[in-house]
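# Chains, contacts and geometry: an overview
Chain residues, written in single-letter form:
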Amino acid sequence: MSALSKAKGFKKSKAGTYLSIGTTAFGALSVYKQMKAARHDHDTLSLVDAVATAAGIVTGVALLVRELKRLGDDDVLLGGEGKVSP
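Conventions we followed
- Residue positions within a chain follow its written sequence, with the count starting from 1.
- Reporting of local features is limited, given that this is a predicted model, to residues whose pLDDT is at least 70; pairs of side-chain atoms are given and counted only at 80 or more, and all residues count toward the totals for whole chains, interfaces and linings.
- Excluding hydrogens and water, the side-chain values take into account all heavy atoms of the structure.
- Here a helix means four or more residues in a row that DSSP labels H or I, a strand means two or more in a row labelled E, and each is numbered from the N terminus.
- Any residue under 20% of the maximum accessible area for its type is buried, any over 50% is exposed, and the rest in between are partly exposed; the area is computed with a 1.4 Å probe on protein chains only.
- It only takes one pair of heavy atoms within 4.5 Å for two residues to be counted as in contact.
- The span expected for a helix works out to 1.5 Å for each residue beyond the first.
- Lines fitted to C-alpha atoms define the axes here, with helix axes fitted over just the stretch in contact, and angles between the N-to-C directions of these axes take values from 0 to 180 degrees.
- Should an angle fall under 35 degrees it is called roughly parallel, over 145 degrees roughly antiparallel, and 65 to 115 degrees roughly perpendicular, with every other angle called oblique.
- Two helices cross in a left-handed way if the nearer one is turned anticlockwise from the farther one by less than a right angle. They cross in a right-handed way if the turn is clockwise.
- In this count, Pro and Cys sit with the nonpolar residues alongside Ala, Val, Leu, Ile, Met, Phe, Trp and Tyr, while Asp, Glu, Lys and Arg are called charged and the others, Gly among them, polar.
- Identification of polar contacts relies on pairs of N or O atoms within 3.5 Å, with a donor-acceptor requirement for protein atoms, meaning one able to donate a hydrogen and the other able to accept it, and with residues adjacent in sequence counted only if both atoms are side-chain atoms.

The next subject is the overall build of the chain. Scanning the chain from terminus to terminus reveals three helices and zero strands. Overall, the chain shows an N-to-C arrangement of helices and strands of α-α-α. Among the 86 residues that make up the chain, the fraction classed as buried is 13%. Long-range pairs, those at least 24 residues apart, make up 45% of the contacts in the chain with a sequence separation of at least 6.

Here's what the structure looks like:
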């Protein structure tokens, strides 16, 4: 198995999904700092940008959590029956 195919498999694994959730949530710190600076500077446009970015982060985490649940459905040890949600 080549390193590239291993890397592609990691992205679809539970560990890869947890790592993606962590890095996406880590981006929330940057957005928080941006919001704080925008409010301090009374910069409405920057605040709107931060809110839009935060909405993207929330959506991304929700999608990753859904993917994590789908991966859990395939796990026999967790009680899954091998069904994958559409």
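Glancing now at helix H2 (residues 14-41). With 28 residues, H2 extends 41 Å from end C-alpha to end C-alpha; this agrees with the ideal 40 Å at 1.5 Å per step. Within H2, the full set of buried residues consists of Gly16, Thr17, Ile21, Val31 and Ala38. The first or second residue beyond H2 is His42, which carries a positive phi of 55 degrees.

Moving on to the environment of Met35. Relative to the assigned elements, Met35 resides in helix H2. The contacts of Met35, once residues within four sequence positions are left out, are Leu47, Ala50, Val51 and Ala54.

Moving on, we get to the packing of H2 against helix H3 (residues 44-73). Helices that pack against each other are described as a pair by the angle of their axes relative to one another and the distance between those axes. Two numbers describe how H2 lies on H3: the axes approach to 9 Å, and their chain directions differ by 165 degrees. When the axis of H2 is compared with that of H3, the two are roughly antiparallel. Remark: the crossing between H2 and H3 carries left-handed chirality. Partitioning the contact of H2 with H3 into residue classes produces 16 nonpolar, eight polar and four charged.

Residue His42 is not a glycine yet carries a positive backbone phi of 55 degrees. The topology assignment puts His42 in the loop between H2 and H3. Judged by its relative accessible area of 71%, His42 is exposed.

Quick look at the environment of Tyr32 now. Looking at the element boundaries, Tyr32 is found in helix H2. Residue Tyr32 is classed as partly exposed on the basis of its relative accessible area, which comes to 49%. Distance from Tyr32 to Ala54, taken between C-alpha atoms, is 8.4 Å for residues 22 residues apart in sequence.

It is worth spelling out H3 at this point. The first and last C-alpha atoms of H3 sit 44 Å apart over 30 residues, in line with the 44 Å expected at 1.5 Å per residue. The secondary structure elements touched by the buried residues of H3 are H2. Capping the start of H3, Asp43 holds a side-chain oxygen 3.4 Å from the backbone nitrogen of Leu45, two or three residues further along.

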